[in-house]
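# Fold and geometry: a report
This is what each chain is made of:
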Amino acid sequence: MNNLSYLLCRVKPVSLFRNYQKIRQLYSSASIGVEDYIAARKRYDENFELNASRFRKKMQEVCRDDAPPTSLIFTEDLKQMVHIAKDNSEDVELVEKMLSKFHAQNSHLRFGSYVFGPVVMRMFHYLNKPDEALKAYKDDKMNGFFDQLSSHIVLMDLLFNNKMYYDVIDVYKIMVSKQLSFGTHPKSVMVLVFGAYYKLNTPEHYDEAVQLFNKLNERGHSPLRRVTTFMAALALNQNNPHLSLEIISTLPNQLYVLVRCIKALALCNLDRIEDAISVIKTVLKFDAPIQTTHTFPSDVIEKVGEAVEKSGSKQLMTDYDRICKQLKAQNHIVEKTLDDLLCSEVVVTPSVSKTQTTLNIAMDNTHANHKKAVRNYYRPGLEEAV
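What comes next concerns the included structure.

Calculation criteria
- Residues numbered from 1 in each chain as written.
- Predicted model: local features only at pLDDT ≥ 70, side-chain atom pairs only at ≥ 80, totals over all residues.
- Heavy atoms only, no water.
- Helix = DSSP H or I, 4+ residues; strand = E, 2+ residues; numbered from the N terminus.
- Buried < 20%, exposed > 50% of the residue type's maximum accessible area, 1.4 Å probe, protein only.
- Contact = heavy atoms within 4.5 Å.
- Areas by Shrake-Rupley, 256 points an atom, 1.4 Å probe, with all protein chains shown as cover.
- Expected span 1.5 Å × (residues − 1).
- Arc of directions from axis to C-beta.
- Salt bridge = Lys/Arg side-chain N within 4 Å of Asp/Glu carboxyl O.
- Polar contact = N/O pair within 3.5 Å; in protein donor to acceptor, adjacent residues only side chain to side chain.

We now examine the overall build of the chain. On a plain count of helices and strands, the chain comes out with 20 helices and two strands. Buried positions account for 51% of the 386 residues belonging to the chain. Counting only contacts in the chain whose residues sit at least 6 apart along the sequence, the fraction spanning at least 24 positions is 76%. With an accessible surface of roughly 19,500 Å², the chain has 48% of that area assigned to carbon and sulfur atoms.

Below you can see the structure in the form of structure tokens.
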């Protein structure tokens, strides 16, 4: 076994940052308001725990088909049920009945400003009920109930988490067809849409993604970095490294981890192995003791090594061996894959929210009566998340 093959077998990644956690969802719970919803659930549990069973029984009676016309669902009734619903079919069905009745009785006249759509979607998100959430969204009887931007983001995030990528695209197309006030290309929605295209990774969805990406640029939109990296990675997976390289080169900061990774792999696929080695070598130049260590996921380093070995160049093998040993010694190789980083958690920070990344998606009814100080969810590596 030559030195290169030996090194490929012996690459032993190190952990990333000590608080880099395994992510279950694309958007963080705080970013889409689920964290505040959970806090509200605790308050409801504390205040209504003793009366919960009686309340459920009363709501079941109100929702019966033969209930008298005077049996109504009031705003506070629905708010309470949405915040005390448990992960069982009885509670979920009761919420669905109450939603339908409440929307029907208030379709022509509604008092108050409480908007239920986002909160209901957060309930489904918290209970991890993607099928029920999608059913409610597509129910013709609920027309207009979930027309808020944040309702779409929470729903699409829930679908993405459960690998329902076709449905993410379907919800987006329905949203576009409705011509809602927030437009057809909200930045936060685009992250989920291009994430779904990337995950589906079919020629048909690749074509759709290219068309949508071109449309964003033609209309003067500036796609978020995560959108651009999803698109570039999809092009790479669809054997179009030239387009992948062109797309990734549009980003202003070429040192971000996803940019470096995709660029290195695209160059390998274009047989520009020497340039790919130069990309992975750049992280050895810019680190200082007070800075965050620039890293590469282990699978990217291994794929570059495979391309070097395939080239048959002894000089490139020697260079790769030397650089790889330095990367390993200085903890630049992490126990993550490129896919892990592409789908890592998006956390909204104050600076990001000012650019309307999520258009205040976490700021619906949770803060209707009181405003909380915006917390900084920044953690090491977050600048590479969006």
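Turning our eyes to something else, we now look at helix 9 (residues 165-178). In this model, helix 9 (14 residues) spans 20 Å end to end at C-alpha, consistent with the 20 Å of a helix rising 1.5 Å per residue. What helix 9 keeps buried is the set Y165, V168, I169, V171, Y172 and M175. The buried residues of helix 9 occupy an angular sector of 160 degrees when projected down its axis, which confines them to one face. Among the exposed residues of helix 9, those pointing more than 90 degrees away from its buried face are Y166 and S177. The secondary structure elements touched by the buried residues of helix 9 are helix 7 (130-138), helix 8 (149-161), helix 10 (187-200) and helix 11 (203-218). Downstream of helix 9 by one or two residues, Q179 has phi in the positive range, about 50 degrees.

On to the pattern of salt bridges, then. Under the defined criterion, the tally for this structure stands at eleven salt bridges. Among the ionic pairs, D91 bridges to R56, the shortest N-O distance being 2.9 Å. Taken as a pair, D91 in helix 5 (residues 89-105) and R56 in helix 3 (residues 52-62) lie far apart in primary sequence, 35 residues in all. For the pair D91 and R56, a shared accessibility class is recorded, and that class is buried. Between D147 and K178 there is a salt bridge, with the nearest N and O atoms lying 3.1 Å from each other. Of the two residues, D147 is situated in the loop between helix 7 and helix 8 and K178 in helix 9; the sequence distance between them amounts to 31 residues. Residue classification places K178 among the partly exposed positions, given a relative accessible area of 28%.

When you line up the elements, Q254 lands in the loop between helix 13 (241-248) and helix 14 (257-269). Linking Q254 and V279, residues 25 residues apart in sequence, is a C-alpha distance of 9.8 Å. Each residue touching Q254, except ones within four places of it in the same chain, is listed here: I248, S249, V259, R260 and K263. A distance of 2.7 Å separates a polar side-chain atom of Q254 from the backbone oxygen of L251. A distance of 2.7 Å separates the side chain of Q254 from the side chain of K263, its partner in a polar contact.

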